[in-house]
Amino acid sequence: MKTPQDPPRNGLARNPLQRRDILKTLGLGAAGAAAATMLPAGDEAQAMELPQEQVKSRYRETEHVKRFYALNRL
């Protein structure tokens, strides 16, 4: 009868991290990730814009923008 203190027959020490332990850990990790996605998320923060900011023009074709488009033409 083999006891836990007996050395392995082939002379190599057994790896304490066995295949089944890895599979268990991966399974638990996947279950945890799936459970985390099911949790309700908090309210999303939304930026407030003043009415004056909503109508003003945001795009400005400055010199560095013109240079960027000129250098990146195909």
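Residues numbered from 1 in each chain as written. Predicted model: local features only at pLDDT ≥ 70, side-chain atom pairs only at ≥ 80, totals over all residues. Heavy atoms only, no water.

### Structural notes on the packing of aromatic side chains
Scanning all chains against the criterion turns up one aromatic pair. Judged by centre distance (5.5 Å) and plane angle (70°), the rings of phenylalanine 68 and tyrosine 69 are edge-to-face. Overall, the relative accessible area of 49% leaves phenylalanine 68 in the partly exposed class. (Phe/Tyr/Trp six-rings, centres within 6.5 Å; stacked < 30°, edge-to-face > 60°. Buried < 20%, exposed > 50% of the residue type's maximum accessible area, 1.4 Å probe, protein only.)

### Looking at the pattern of salt bridges
All told, the structure shown has one salt bridge when counted by the stated rule. A salt bridge links lysine 66 to glutamate 63; the shortest N-O distance between them is 3.8 Å. Separated by three residues within a single helix, lysine 66 and glutamate 63 lie in helix α3 (residues 63-71), roughly one turn from each other. Overall, the relative accessible area of 39% leaves lysine 66 in the partly exposed class. Owing to a relative accessible area of 56%, glutamate 63 belongs among the exposed residues under this scheme. (Salt bridge = Lys/Arg side-chain N within 4 Å of Asp/Glu carboxyl O. Helix = DSSP H or I, 4+ residues; strand = E, 2+ residues; numbered from the N terminus.)

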